[in-house]
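Here is what each chain is made of, one letter per residue.
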Amino acid sequence: MQKLNDLSRSLTPLKPDRTLIAVIEMSLSSWLVAGIVPGIERQPLKKLEVDESTLLKLLIRWREEAKKSGHSIERIAVAFEAGRDGFWLARWLRARDIEAHIIHASSVAVSREHRRAKTDRLDTELLKRAFLGWLRGERDHCRMVAIPTIKDEDAKRPNRERESLVGEQSRIVNRMKAALVRLGIRGFNPKLKKAVERLDGLRTPEGEPIPPNTLAELRRDMARRRLVSDQIRQIEDTRLERLEQAPSDGPHAMVRLLARVIGVGIETADMLVQEVLSRNMRDRRAIARYAGLTGSPDESGRKRREKGLARSGNARVRRGMIQLAWRFLMFQKDSTLAQWFRARTENARSTRKTMIVALARKLLIGLWRLVREGVVLDGVVLRPVS
């Protein structure tokens, strides 16, 4: 049965004589636009400044050239690789009745030569080849990326900002501890509330106080850590306020439902909902593939081996699910999944790291079914409704 959200091929029949096709090789300083214009033998190539209005004028000019050659354009299809510029250009083009697509970069086939030639012009040729196959409806010729709305993109920012701030906080603490260890001072916790007052009383093994420059550096690091900690707390408080203000909102309802699973906190629930569970995934295989929790087999002739995780999906989801899988074993010991894990690792302890990935994959699919269909995993204990 044909899937309506299948991004591996175009579901619209291609009419070559009435379709203007363009691909864009994007960089910070310029855009290289390559086109396939009906009625024009040459395939135009134009380098533009980074400006969407100029791009629109170019597409309109090519459409007029096709019209002069006797080809009425019914469809303008534009594609470019997913990258730093994100999705704004695709949304801008679609708002002006231009069909825009974003090609998944890893789905474009490239030469495996050790020193292959690589220029923007050659890259546009690869993009045209991939985009044409996709427009013709060839399955898996290349894959497109789902284009989110501004609201969907903005909903991911608090969780990602918090993740960045937590990493920055850890780096500051580690830097302070390293500065003290260089002086022979161990066991000091810079995260304590009274850590700043205790700095003046610290002494090196020689009985000397902390040198003035190092002391000033530590004070600045502590002030920076307090600022980062306050920002993390603000993000968490704002999230809780929004959940209370609109508890029945689509993503918020999913977060509250996931947070009822013992072992899943608000932070993990929010990350899973915003990154993967709120997306319109095709099936459970697509869920596991998006998280990068599938294998990467290497089979050729008699060779049969597994190279480990594909790691081609969302790294945040993958890390979060593996951490959640370990917590799940502690908080949901009587669940069917936990029993399945113990039965396969009880007599083979060395396989625990491999099997935890399989558990994370099964758990992610189970959570997806929970928020989509309301199906609770066997044996999983839920918190009472608050």
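Look up a bit, the structure's there.
Residues numbered from 1 in each chain as written. Predicted model: local features only at pLDDT ≥ 70, side-chain atom pairs only at ≥ 80, totals over all residues. Heavy atoms only, no water.

Turning next to helix H6 (residues 212-245). Taking 1.5 Å per residue as the helical rise, H6 with its 34 residues ought to reach 50 Å, and the 49 Å between its terminal C-alpha atoms agrees with that figure. Here H6 has its buried residues at Thr 214, Leu 215, Leu 218, Asp 221, Met 222, Arg 225, Val 228, Ser 229, Ile 232, Ile 235, Arg 239 and Leu 243. In this fold, the buried residues of H6 make contact with helix H4 (150-181), helix H5 (195-199), helix H7 (250-259) and helix H8 (266-277). (Helix = DSSP H or I, 4+ residues; strand = E, 2+ residues; numbered from the N terminus. Expected span 1.5 Å × (residues − 1). Buried < 20%, exposed > 50% of the residue type's maximum accessible area, 1.4 Å probe, protein only. Contact = heavy atoms within 4.5 Å.)

Counting buried positions along strand S2 (residues 30-36) gives six out of seven residues, so the element sits mostly inside the fold. Both strand S1 (residues 19-26) and S2 contribute to a ladder of six bridges, which runs antiparallel. The residue bridging Ala 22 from the neighbouring strand is Gly 35, located in S2. If you look at the hairpin formed by S1 and S2, you'll find three residues sitting between the two strands. As defined by bridge partners, S2 adjoins strand S3 (residues 45-49) across five bridges and the pair is classed as antiparallel. Pairing of Leu 32 across the sheet is with Lys 47, part of S3. (Pairing = 2+ DSSP bridges.)

This part is about the environment of Asn 213. Relative to the helices and strands, Asn 213 is located in helix H6. Distance in space between the C-alpha atoms of Asn 213 and Ala 100 is 56 Å, their sequence separation being 113 residues.

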